[in-house]
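# Fold and geometry: a report
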Amino acid sequence: MKELRNPPSALNANRVKKAAVSDDMAKTRLTIVMVGFIVAFLVIGGRLGQLMLLSPEDESEFVNAGIKEEIARADIVDRNGVILATSLVTQSLYVNPKNVISPEITAKQLAQVLPDLKYETVLTKLKSQQGFAWIKRNLTPQQQSAVYEMGLPGIGFQREEKRVYPHGSLFSHVLGCTNVDNKGVSGIEKYFDEALISDKSPLELSIDMRVQHILKSEIQEKMKQFKAIGGAGLIMKVDTSEVVAMCSLPDYNPHEIAKTAPENMFNMVTSGVYEVGSSMKILTTALALESGAVKINSRFDISEPIRVGRFKIRDYHPKKIVADIPQIFLHSSNIGMIHMVKAVGVPAHQDYLKKFGLLQAPILELPEVGAPIVPGEWKELNSMSMAYGYGICISPMQISNAVCSTINGGILRRPTLLKIKEGHKDPGIRVVSEKTSHTMRNLLRLVVQHGTGRNAKAMGYDIGGKTGTAEKVVNGKYSRDNIVTFISAFPMSDPKYLVMVMVDKPKGNKDSHGFATAGWIAAPIVKNVVARSASMLGVTPIEEEEATSPEYEIFKANALVEHH
Amino acid sequence: MKLVTFIFVIGSILFGVVLFQVKYRVSSLESQLQVVEKKIADNQEIIKVCQAEWSYLTQPDRLQKLSDQFLGLKPLLHNQVVDLYEVMRVVEEENLVQAVLQGHVVSGEGS
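Residues numbered from 1 in each chain as written. Chains lettered and ligands numbered in written order. Predicted model: local features only at pLDDT ≥ 70, side-chain atom pairs only at ≥ 80, totals over all residues. Heavy atoms only, no water.

## Considerations on the overall build of chain A
Each helix and strand in chain A was counted, giving 18 helices and 16 strands. For chain A, whose C-alpha radius of gyration is 39 Å, the value lies well above the compact-globule estimate of 24 Å for 564 residues. Its C-alpha atoms give chain A principal-axis dimensions of roughly 165 × 65 × 50 Å. Taking all 564 residues of chain A together, the buried fraction comes to 52%. Considering only residue pairs separated by 6 or more positions, chain A has 71% of its internal contacts joining residues 24 or more positions apart. Surface exposure of chain A reaches about 27200 Å², of which carbon and sulfur atoms provide 56%. (Helix = DSSP H or I, 4+ residues; strand = E, 2+ residues; numbered from the N terminus. Rg over C-alpha atoms; globule rule 2.2 N^0.38 Å. Buried < 20%, exposed > 50% of the residue type's maximum accessible area, 1.4 Å probe, protein only. Contact = heavy atoms within 4.5 Å. Areas by Shrake-Rupley, 256 points an atom, 1.4 Å probe, with all protein chains shown as cover.)

## A short note on the domain arrangement of chain A
Residues and elements named next belong to chain A. Domain assignment breaks chain A into domain 1 (76–98 + 131–204) and domain 2 (212–561). A straight line from the C-alpha centre of domain 1 to that of domain 2 covers 40 Å. Listed per partner, the contact involves 22 residues of domain 1 and 28 residues of domain 2. Interface of domain 1 and domain 2: buried area, both sides summed, is about 2200 Å²; carbon and sulfur atoms make up 63% of it. Three residues, Arg79, Leu170 and His173, lead the burial of domain 1 against domain 2; their summed loss comes to 34% of the area buried on that side. At the boundary of domain 1 with domain 2, the tally comes to two salt bridges. In this structure, the salt-bridge partner of Arg79 is Glu242, at a minimum N-O distance of 3.5 Å. For the interface between domain 1 and domain 2, the tally reads 11 residue pairs in polar contact (both at pLDDT 80 or more). (Domains from an automatic or database assignment. Buried area = accessible area lost by both parts, 1.4 Å probe. Salt bridge = Lys/Arg side-chain N within 4 Å of Asp/Glu carboxyl O. Polar contact = N/O pair within 3.5 Å; in protein donor to acceptor, adjacent residues only side chain to side chain.)

## Here we look at the interface of chain B and chain A
Taken together, the contact between chain B and chain A spans 25 residues of the former and 31 residues of the latter. Each partner contributes to the roughly 2500 Å² buried at the junction of chain B and chain A, and carbon and sulfur atoms together form 66% of this total. Looking only at chain B, the three residues that lose the most surface to chain A are Lys48(B), Pro60(B) and His78(B), adding up to 23% of its buried area. Inspection of the chain B/chain A interface yields two salt bridges. The shortest N-O distance in the salt bridge between Glu45(B) and Arg159(A) comes to 3.3 Å.

## Some words on the sheet that holds strand β16 (residues 497–504) of chain A
Residues and elements named next belong to chain A. On the basis of which strands lie adjacent, the open sheet formed by five strands has the order β7-β6-β16-β15-β14 and antiparallel pairing. Every other strand in the sheet has two partners, leaving β7 (243–249) and β14 (464–474) as the edge strands with one partner each. Direction aside, the axes of adjacent strands within the sheet are offset by 15° on average. Bridge count between strand β6 (residues 230–237) and β16: eight bridges; the pairing is antiparallel. Within β16, the position partnered with Lys237 by the bridge is Tyr497. Taken strand by strand, helix α15 (residues 396–407) contacts β6, β7, β15 (477–490) and β16, and its axis lies near 35° from that of β6. Sheet strands touched by helix α16 (residues 434–450): β14 and β15. Its angle to β14, the strand with the most contacts, is close to 80°. (Pairing = 2+ DSSP bridges. Axes fitted to C-alpha atoms, helices over the stretch in contact; angles between N-to-C directions.)

## So, the pairing of strand β3 (residues 133–139) of chain A
Residue and element names in this part refer to chain A. Of all seven residues in β3, six are buried; the element is thus mostly enclosed. One ladder, built from four bridges, connects strand β2 (residues 83–95) with β3; its direction is antiparallel. Bridged to Leu93 within β3 is Lys136.

## Concerning the packing of helix α10 (residues 281–291) of chain A against α15(A)
All names here are of chain A. One can describe the packing of α10 onto α15 by two numbers: an axis separation of 10 Å at closest approach and a directional angle of 40°. Here α10 lies oblique to α15, going by the angle between them. Considering the relative orientation of α10 and α15, their crossing is left-handed. In this structure, α10 uses Ile282, Leu283 and Ala286 to contact α15, whose residues at the interface are Ile399, Ala402, Val403 and Thr406. Residue classes in the contact of α10 with α15 are distributed as six nonpolar, one polar and no charged. (Parallel < 35°, antiparallel > 145°, perpendicular 65-115°, else oblique. Left-handed = near helix turned anticlockwise from the far one by under 90°. Nonpolar A, V, L, I, M, F, W, Y, C, P; charged D, E, K, R; others polar.)

## Re the pattern of salt bridges
Scanning the model with the defined rule gives 27 salt bridges over all chains in all. Between Arg137(A) and Asp181(A) there is a salt bridge, with the nearest N and O atoms lying 3.1 Å from each other. One end of the pair, Arg137(A), is in strand β3; the other, Asp181(A), is in the loop between α6 (172–175) and α7 (187–191), with 44 residues separating them in the sequence. Residue Lys38(B) pairs with Asp42(B) through a salt bridge whose shortest N-O separation is 3.1 Å. One end of the pair is Lys38(B) and the other is Asp42(B), both in helix α1 (residues 2–57) and four residues apart, which spans about a single turn. Among the residues examined, Asp42(B) registers a relative accessible area of 33% and is labelled partly exposed. Overlapping salt bridges bring together Arg73(A), Arg163(A), Lys183(A), Glu189(A) and Asp193(A) as one network.

## Topic: the side chain of Gln212(A)
Residues and elements named next belong to chain A. Mapped onto the secondary structure, Gln212 falls in helix α9 (residues 209–225). At a separation of 2.9 Å, a polar atom in the side chain of Gln212 contacts the main-chain carbonyl oxygen of Leu170. If near-sequence neighbours (up to four positions away) are discounted, Gln212 is found in contact with Leu170, Phe171, Ile207, Ala245, Met246 and Cys247.

## Brief notes about the nonpolar core
All names here are of chain A. Counting residues in hydrophobic clusters, the biggest one holds 95 residues, and the most contacted among them are Ile188, Leu205 and Phe356. When residues of this core are assigned to domains, at least three fall in each of domain 1 (76–98 + 131–204) and domain 2 (212–561). In this view, Phe356 contacts Leu283, Ala286, Leu287, Ala402, Ser405, Thr406, Leu412, Val431 and Val432; residues no more than four positions away in its chain are not counted. In this structure, Val448, Ile463, Ile521 and Leu537 belong to the second largest nonpolar core, which totals 36 residues. (Core = buried A, V, L, I, M, F, W, Y, C linked by side-chain atoms within 4.5 Å.)

## What to know about helix α2 (residues 60–71) of chain B
The terminal C-alpha atoms of α2(B) lie 14 Å apart, and with 12 residues this falls more than 12% below the ideal 16 Å at 1.5 Å per residue. Downstream of α2(B) by one or two residues, Gly72(B) has phi in the positive range, about 65°. (Expected span 1.5 Å × (residues − 1).)

## So, helix α3 (residues 103–113) of chain A
For an α-helix, 3.6 residues make a turn, and residues three or four places apart therefore share a direction. All names here are of chain A. Of all the residues in α3, the buried ones are Pro103, Thr106, Ala107, Leu110 and Ala111. In a view along the axis of α3, the buried residues occupy a sector of 130°, so they form one face of it. Exposed positions of α3 whose direction lies more than 90 degrees from the buried face are Ile105, Lys108 and Gln112. Tucked inside the fold, the buried residues of α3 contact β2, α4 (119–127), β3, α5 (141–150) and β4 (155–164). (Arc of directions from axis to C-beta.)

## Some thoughts on the packing of aromatic side chains
Residues and elements named next belong to chain A. Overall, the coordinates contain 12 aromatic pairs over all chains when judged by the stated rule. Between Phe515 and Trp520 the ring centres are 6.4 Å apart and the planes differ by 10°, which places this aromatic pair in the stacked class. According to the relative accessible area criterion, Trp520 is partly exposed, its value standing at 30%. Pairwise contacts between aromatic rings join Tyr94, Phe132 and Trp134 into one cluster. (Phe/Tyr/Trp six-rings, centres within 6.5 Å; stacked < 30°, edge-to-face > 60°.)

## What to know about the confidence of the model for chain B
When pLDDT is averaged along chain B, the result is 86, and 93% of the positions lie at 70 or above. Mean pLDDT in chain B bottoms out at helix α3 (residues 84–101) of chain B, which sits at 88, and peaks at α2(B), which reaches 91. (pLDDT = per-residue confidence, 0-100.)

And the structure:
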């Protein structure tokens, strides 16, 4: 024990020295290890925190991808916000034939739940070598759950969109339709195909659903009454050229385009071009007055037929008089119109028809727009026949829009199917003066009060208009079949709406005293349409039986003096 | 030294607990959000269906048939719309008649 108390020997000192050195080394090593561990723990801790706090976002994005599918095609609504076309989510049934265990049993079960499928067609699809085949697109929810509950292997559902038109055929020629892949194939659906997909807000049309219904039902009724093969109608706002209603009959159900005959898809208002007959006299008179070649009290002898080429042009109601313009217009004298155009001259006539937009296809938001048929070589003969509406084929849309300009104060605007917001009115271009426009209003009123348009007289609404009964060309010859039109506007003192009605090949019967003319068939349609829709369109009725103006009274007195 | 370690240990435990709580809260909120978003999407689809159905059910053709059957409503006639001044005139006339009948106003013929 004593020995141990002795001070450290040299050997011991040496040992202590060695221990101190190894102590230092151990400390250094320890530090290195510690730092290593701290770094490792920090990395792991950091990663843990990162996983805890940040990973849910990545995860949720992944999960949400499935449910965040939005409707791809925007709605189409009318001017009052009524839905005309919308897209609904449906499920479509497909098959992966490679995973089907028993094609026969599967096909049998599917045919039972979905009665419109044929067993054989399903079976061939199930047996095909492809990896994918549609069995049925757009199932109803009941059908979907029925198929789902059978739990058939190889069968699956795909979320799809289906275009739905709640009003069926009412807007078929305006909206057009889409195919099974939701692409627009006609009408507004085609014209705005890309816009409807890129812009999610509803597309607002200028159409009024209620007025559209009235127009269609009235035309339909008269078509039935007079066994007509077709009919068309158009209502436009006179001061903006917005289309408030447009229909063409026969029409089609946009849900069943596969079953539709091609002629039902034809839009008479915009695609069809016709010789419009006497309706053209509105424009002839307006341009003659506007050109200055003819004054309102200019007189022309209409007692003798005029020779135009090989033909002798007569009047439908010949009058042995030297008539002024209101008389010519009232009696719808072809002879008078020819005299007027001759006074105007071919270049000016051509120029005015161009200004009215009759010589080129109108610009409209529809793919179905027909180009007019205009004579290649334009001689006086052409102008003479065009004066009373033959020898030029134009669409009802074109002439209606041109007539708007003659009664709205003289401004021509582009026709449109889109709602124009307050204060965004197209400035348009002036085609006739205010004065001519005023004269035209009075002339049109005269025809409804005392001329061929008498059957359009609707109490309280001061309608003005012009009839047009044109013979149809069949196999290159004029036939006995007519296309009758009536172009009108109301109220005539300050026109708000233009109403154009056209009936193809009506047959006269005892209701029309055997006549198949515009005055007996088209004019009454306008009367009914105006009487039913004026209050919806916000037109105030007037109390007088015959609205008037000083100019109108002079026309009336002059026009009626020879015959009453 | 021991105190520092002690604080460090307690601190990391606390931190861990808070972290876990935040994580669970976030994930539960996230799943709630998903449920709500799914519900919104579902409801939007239902609203679209309802709107389409409303438009379908209010087809003028159908309403007209129903009206003919149950209500007997007729189109508005031009003489059913009158000027406000006309209404005022009728009301004033009526007032005058009432006044005469009650003897407040003596008419020209005298009674």
